[in-house]
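Take a look at the letters that make up each chain.
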Amino acid sequence: GAERLATEALATRHGRPVLDGALIPRAIVGLGSLGSGWMTYGSDLDLVFVHGADADGETDGPRPLDPRTWHARQAQRTVTALTAQTREGRCYEVDLRLRPGGGSGAVVVSLPGLRAWYRDRAALWERLVVCRARVVWASDPGFGAQVTAVLAEASAPPEGPAALVAEARAMRRRQRDELAGESTTIRNLKTGVGGLTDVEFAVACLQATRSLDHAARGQ
């Protein structure tokens, strides 16, 4: 709904971005609790916005925009709709900091840019995060499948499985020290020792290392 409202508002004034006569496809990737399907009442939405190509030219409306500007505005409008304040409180908290480049990266990334980031620049912790990623919306099923394939490739670190597991252990130590707040009488079922986050990290490591094993065997 939020994506549709944002698109319709922009399309009325600026049209839609096209390439070779066809609409440029878009997708939204969910990470964290949204990506894993384990959302709770306090969960925020970790999102990455992806579009099909870094096309030149203009949109097809009465007040044309270049496609990069259109996609950036569309994503920002979607976030605004998702974070709208209601009588019961804010709809969702949205976090875009897990996108390629983090807080300094572009709000929307092209599919080639997404692939290049994970191939050439992504840190080990980003590969762990992407193990819990999934496409939550796509304008075209075929494009959604392409994004899913890139995410699957991204979870396999070139450094090998041992480096990924070591990074996971280091991340969990930091989380337990900074977030768990455990003591002899207090246990944190989410971020404490043996909590849900430990399960999530263990599953992510298995996903990444098994994919590496399969690639090595040609499976």
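Rules used throughout
Residues numbered from 1 in each chain as written. Predicted model: local features only at pLDDT ≥ 70, side-chain atom pairs only at ≥ 80, totals over all residues. Heavy atoms only, no water. Buried < 20%, exposed > 50% of the residue type's maximum accessible area, 1.4 Å probe, protein only. Helix = DSSP H or I, 4+ residues; strand = E, 2+ residues; numbered from the N terminus. Pairing = 2+ DSSP bridges. pLDDT = per-residue confidence, 0-100. Contact = heavy atoms within 4.5 Å. Salt bridge = Lys/Arg side-chain N within 4 Å of Asp/Glu carboxyl O. Core = buried A, V, L, I, M, F, W, Y, C linked by side-chain atoms within 4.5 Å.

(A) A look at the pairing of strand β3 (residues 26-31). The element β3 is largely enclosed, with a buried count of six among its six residues. Where burial is concerned, the two faces of β3 agree: the one with Arg26, Ile28 and Gly30 and the one with Ala27, Val29 and Leu31 are both buried. Sheet analysis places β3 next to strand β4 (residues 45-51), joined by six bridges and oriented antiparallel. Paired with glycine 30 across the strands is leucine 47, a residue of β4. The pairing of β3 with strand β9 (residues 134-138) spans four bridges and is classified as antiparallel. Across the sheet, residue glycine 30 finds its bridge partner in β9, namely arginine 134.

(B) Spatial organisation of the confidence of the model for the protein. The pLDDT averaged across the protein works out to 87; a share of 95% of its residues lies at or above 70. Scored below 50 in pLDDT, residues 212-219 shows five contacts in the model against residues more than four places distant or in partner chains.

(C) Spotlight on the pattern of salt bridges. Scanning all chains against the criterion turns up nine salt bridges. Of the charged contacts in the structure, one is a salt bridge between glutamate 8 and arginine 4, with a shortest N-O distance of 3.6 Å. Taken together, the residues glutamate 8 and arginine 4, both in helix α1 (residues 2-14) and four residues apart, mark about one turn of the helix. Residue classification places glutamate 8 among the partly exposed positions, given a relative accessible area of 39%. Residues participating in the shared-partner salt-bridge network are Arg172, Arg176 and Asp198.

(D) Spatial organisation of the environment of leucine 196. Tracing the backbone through its elements, the reader meets leucine 196 in helix α8 (residues 196-216). A relative accessible area of 45% places leucine 196 in the partly exposed class. The spatial distance from the C-alpha of leucine 196 to the C-alpha of threonine 185 is 19 Å, given a sequence separation of eleven residues. When neighbours within four sequence positions are excluded, leucine 196 is seen to be in contact with Trp38, Leu189 and Lys190.

(E) Local environment of the nonpolar core. The biggest cluster of nonpolar side chains holds 19 residues, and the ones touching the most others in it are Val29, Val50, Leu111, Leu114, Tyr118, Val147 and Leu151. When residues of this core are traced back to their parent elements, those giving at least two are β3, β4, α4 (111-120), α5 (124-130) and α6 (141-154). With five residues, α6 is the largest single contributor of residues to this core. Those residues within four positions of tyrosine 118 in sequence are excluded, and the remaining contacts are Glu126, Arg127, Val130 and Ala154.

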